[in-house]
Amino acid sequence: MSKEIKAVKETLEERTLRMLNNPWDLYNAPFKIVDDVYFVGTNWVSIFLLDTDEGLVLIDCAMQETLYLLIDSIHRLGFDPRDISKILLTHGHFDHVGAVRSLQEISGCEVWIGEGDGFFFTERRDLIVFEDRVPPFKIDHYYDYNQKIQIGDFSIEPVHCPGHTPGTSSLFFDIERNGEVLKCAVHGGLGAAVMSNAYLTANKLPVSLQTDYLNSIDKVVDRKVDIVLPSHAGHCVDHDFLSFANTDGSKFIDPSAWRRMLLAKKAEIVKIIENEKNETL
Ligand SMILES: [Zn+2]
């Protein structure tokens, strides 16, 4: 069998296992996005580091398997992983939460997540996906969507965006650049692979999550966002986020990128729903 045909035949599960078993292939050098906001993630899953007056904040932390890459990235930027004070999780899938337990042990940091995903860590660990790769960890806080999280000079607004998972949470915050206030945003979950009727039904999740997903996009698509921080670089469907590394930072500022990304992902889900409808006709 030729290499090409083999690659086409690889299922999503096989592809993910290959990544988990070859974490070095996911290495991406860390870089500064704007002052106090850094990328310390992999070339698949993002991790953002905020340097606040009250310690370091991580938005997601990727996998247990890539922890050593994260530790190295934090050191390379001149920070100390023991100074992490909070991890703000976008949702409860393995690729975003796998390294939490180790980071809690290293730094004693607090862990936040959307309450809607809380049951992933109690009665439905199977919904974490590849849950045997995710050591149990303590959740300290669920987001209060009516209250911003104040950490040093950062004020982070969590917004419930259910769909990708029931508790998917997006995070919005302002930063200052050359005297100008810029709005940064991480959408908590846009992956389409877990949104099909077939996946939801097989995993005993309500198919209404598809509608929730579309409504969640509508809820935040009109927000003014200057800097998109994609939870997976691949979600920026029309540009290569990681290629902006080590520039002067201005390329990250793109006030229409948020809308473009969300509408493209929305179209993907609409297509999945339409295709499934046609199959059942
Ligand atoms: Zn996910």
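Criteria and cut-off values
- Residues numbered from 1 in each chain as written.
- Predicted model: local features only at pLDDT ≥ 70, side-chain atom pairs only at ≥ 80, totals over all residues.
- Heavy atoms only, no water.
- Axes fitted to C-alpha atoms, helices over the stretch in contact; angles between N-to-C directions.
- Helix = DSSP H or I, 4+ residues; strand = E, 2+ residues; numbered from the N terminus.
- Parallel < 35°, antiparallel > 145°, perpendicular 65-115°, else oblique.
- Left-handed = near helix turned anticlockwise from the far one by under 90°.
- Contact = heavy atoms within 4.5 Å.
- Nonpolar A, V, L, I, M, F, W, Y, C, P; charged D, E, K, R; others polar.
- Salt bridge = Lys/Arg side-chain N within 4 Å of Asp/Glu carboxyl O.
- Buried < 20%, exposed > 50% of the residue type's maximum accessible area, 1.4 Å probe, protein only.
- 1 Å grid on protein atoms, 1.4 Å probe; cavity = no way out; pocket = protein on both sides within 12 Å on 5 of 7 lines; lining within 4 Å.
- Points joined across faces, edges and corners; volume = space filled by probe spheres on them.

Orientation of helix H3 (residues 67-76) relative to helix H5 (residues 100-107), taken along the N-to-C sense of each, is 45°, at an axis distance of 10 Å. In this view, H3 runs oblique relative to H5, as classed from their interaxial angle. Relative to H5, H3 is oriented so that their crossing is right-handed. Along its contact with H3, which presents Leu67, Leu70 and Ile71, the element H5 presents Ser102, Leu103 and Ile106. Taken together, the residues of the contact of H3 with H5 break down into five nonpolar, one polar and no charged.

Here we take up the pattern of salt bridges. As enumerated under the stated definition, the model contains 18 salt bridges in all. Glu65 is the partner of Arg133 in a salt bridge, and the nearest nitrogen-oxygen pair spans 2.8 Å. Taken together, the residues Arg133 in the loop between strand S6 (110-113) and strand S7 (141-142) and Glu65 in the loop between strand S4 (55-59) and H3 connect sequence positions 68 residues apart. The partner of Lys138 in a salt bridge is Asp140, and the shortest N-O contact between them spans 2.6 Å. Residue class for Lys138 comes out exposed when judged on its relative accessible area of 54%. Each of Asp238, Asp254 and Arg260 takes part in one network of salt bridges that share partners.

In this structure, the largest pocket occupies an estimated 600 Å³ of space. What lines the largest pocket is a set of 25 residues, among which Leu12, Thr16, Trp44, Ala193 and Val194 lie closest to the centre. Elements with a minimum of two residues in the lining of the largest pocket: helix H2 (12-21) and helix H4 (94-97). Here the residues of the lining of the largest pocket are counted per class, giving eleven nonpolar, ten polar and four charged. Its volume calculated, the second largest pocket comes out at about 150 Å³. Considering the residues around the second largest pocket, the lining is formed by Lys148, Ser155, Glu157, Phe172, Phe173, Asp174, Lys183, Cys184, Arg223 and Lys224. Broken down by secondary-structure element, the contributors of at least two residues to the lining of the second largest pocket are strand S9 (154-160), strand S10 (169-177) and strand S11 (180-186). For the lining of the second largest pocket, the leading source of residues is S10, giving three residues. Along the lines of polarity and charge, the residues of the lining of the second largest pocket split into three nonpolar, one polar and six charged.

Moving on to unusual backbone geometry. Unusually for a residue other than glycine, Asp60 sits at a positive phi of about 65°. Examined against the element boundaries, Asp60 turns out to sit in the loop between S4 and H3.

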